[in-house]
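# A structural walkthrough
In case you want the letters, here they are:
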Amino acid sequence: MSEVYFYHLTRQRVDQALRPLLGKCLANGWRVVIRGSEAAQIHQLDDALWQGPAEEFLPHGLAGTEQEADQPILLTLEGHEAPHDCLICIGGSAVTADEVLSSKRVCILFQDDNGLDLQKARAQWKSVTDAGIAAKYWSQAQGNWELQAEKAASIA
């Protein structure tokens, strides 16, 4: 059954937090779609992923290119659908219960210093848990990632 992992970023930028998550997804053989709500944020993330250390290179591309279907990690904006195993939402981008149920995993990353991101993440937690979907809330406030809250699935 699908789960939603909420990652409350208090010590890292999105691109920093994404590196280990993406590495794990690729190790599982998953195709990942990273969905943002603003084009500038997607382009900044694209640049940051290209600028990373060579030994940590994460193969990725932007939606709307000829090679889109070949990308193991696809960066896209809301409204662009692409097949995936894991959907990662950044910048408060939306996710529906149906999308969660059709994914192996959904991750929602939100910045502590962005009040709108925090509000959207709280609303998303309520929405997915009210739909009976399992959710876990992770925080790095104490340094390392720690599970702070968990809600079990209530749907079969």
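This report concerns the structure included in the present document.

Scoring rules and cut-offs
- Each chain carries its own residue numbering, running from 1 in the direction its sequence is written.
- Reporting in this predicted model follows two pLDDT cut-offs: at least 70 for local features of residues, and 80 or more for side-chain atom pairs to be given and counted; totals over whole chains, interfaces and linings ignore these cut-offs and use all residues.
- Hydrogens and water are ignored here; the side-chain numbers use all heavy atoms of the structure.
- Two strands are said to pair when DSSP picks up at least two bridges between them.
- The secondary structure listing takes helices from DSSP runs of H or I that are at least 4 residues long and strands from runs of E that are at least 2 residues long, numbered from the N terminus.
- It only takes one pair of heavy atoms within 4.5 Å for two residues to be counted as in contact.
- Angles run from 0 to 180 degrees between N-to-C directions of axes, and those axes are lines fitted to C-alpha atoms, restricted for helices to the stretch in contact.
- Only protein atoms enter the 1 Å grid used here. Points where a 1.4 Å probe fits but cannot escape make up a cavity, open sets with protein on both sides within 12 Å along at least five of seven lines make up a pocket, and a residue lines them when an atom lies within 4 Å of a point.
- Grid points are joined across faces, edges and corners, and a volume is the space filled by probe spheres set on the points.
- Centres within 6.5 Å are what make two rings of Phe, Tyr or Trp a pair, Trp counting through its six-membered ring; a difference in plane orientation under 30 degrees is then read as stacked, over 60 as edge-to-face, and the rest as tilted.
- Only Lys NZ and Arg CZ are tested; either one counts as a charge over a ring when it is within 6 Å of the ring centre and within 35 degrees of the ring normal.
- For a helix, the expected span equals 1.5 Å multiplied by the number of residues minus one.
- Note that bend, as reported per residue, equals the angle between axes fitted to the 7 residues terminating at that residue and the 7 residues originating from it.
- Exposed residues in this analysis have more than 50% of their type's maximum accessible area, buried residues have under 20%, and partly exposed residues fall in between, with area computed by a 1.4 Å probe over protein chains only.

## Observations regarding the sheet that holds strand β4 (residues 73–77)
One open sheet holds the eight strands; their spatial order is β3-β4-β2-β5-β6-β1-β7-β8, and the pairing between them is mixed. Two strands in the sheet have a free side with no partner beyond their single neighbour: β3 (61–62) and β8 (146–151). Where strand β2 (residues 32–36) lies against β4, five bridges are found, and the strand directions are parallel. Residue pairing in the sheet places glycine 36 in a bridge with leucine 77 of β4. Lying over the sheet, helix α1 (residues 14–27) contacts β1 (3–9), β2, β4, β5 (86–89) and β6 (105–111), oriented at roughly 170° with respect to β6. Each of β2, β3 and β4 touches helix α2 (residues 39–51); the most contacted strand, β4, lies at about 160° to it.

## Remarks on the layout of surface pockets
Over the atoms, a rolling probe the size of a water molecule traces out where space has been left empty. Taken as a whole, the largest pocket encloses approximately 370 Å³ of empty space. Residue lining of the largest pocket: 20 residues in total, with Val14, Gln41, Gln44, Gly91 and Gln111 positioned closest to the centre. Contributing elements (two or more residues each) for the lining of the largest pocket: α1, α2, β6 and α4 (115–130). Broken down by element, the lining of the largest pocket gets its largest block of residues, five residues, from α2. Taken as a whole, the second largest pocket encloses approximately 290 Å³ of empty space. Contributing to the lining of the second largest pocket are 14 residues, with Tyr5, Tyr7, Pro20, Leu21 and Lys24 lying nearest its centre. Mapped onto the lining of the second largest pocket, the elements with two or more residues apiece are β1, α1 and β6. The element contributing the most residues to the lining of the second largest pocket is α1, with five residues.

## Structural notes on the packing of aromatic side chains
Given two aromatic rings, their pairing is described by the distance between the two centres and the angle made by the two planes. In this structure the tally under the stated criterion is six aromatic pairs. In textbook terms, an aromatic cluster arises when at least three aromatic residues are bridged by ring pairs, as seen for Tyr5, Tyr7, Trp138 and Trp145. Sitting over the face of the ring of tyrosine 5, arginine 105 holds its NZ or CZ atom 4.3 Å from the ring centroid.

## Observations concerning α1
In a regular helix each residue adds 1.5 Å, so 14 residues correspond to 20 Å; α1 covers 20 Å between its end C-alpha atoms and thus fits that length. Its axis deflected by about 25° at proline 20, α1 carries its strongest bend there. Looking only at α1, the buried set comprises Val14, Asp15, Ala17, Leu18, Arg19, Leu21, Leu22 and Cys25. The elements touched by buried residues of α1 are β1, β2, α2, β4, β5 and β6. Among the residues trailing α1, glycine 29 stands out with phi positive, at a value near 80°.

Any functional reading would require information that these geometric values do not contain.
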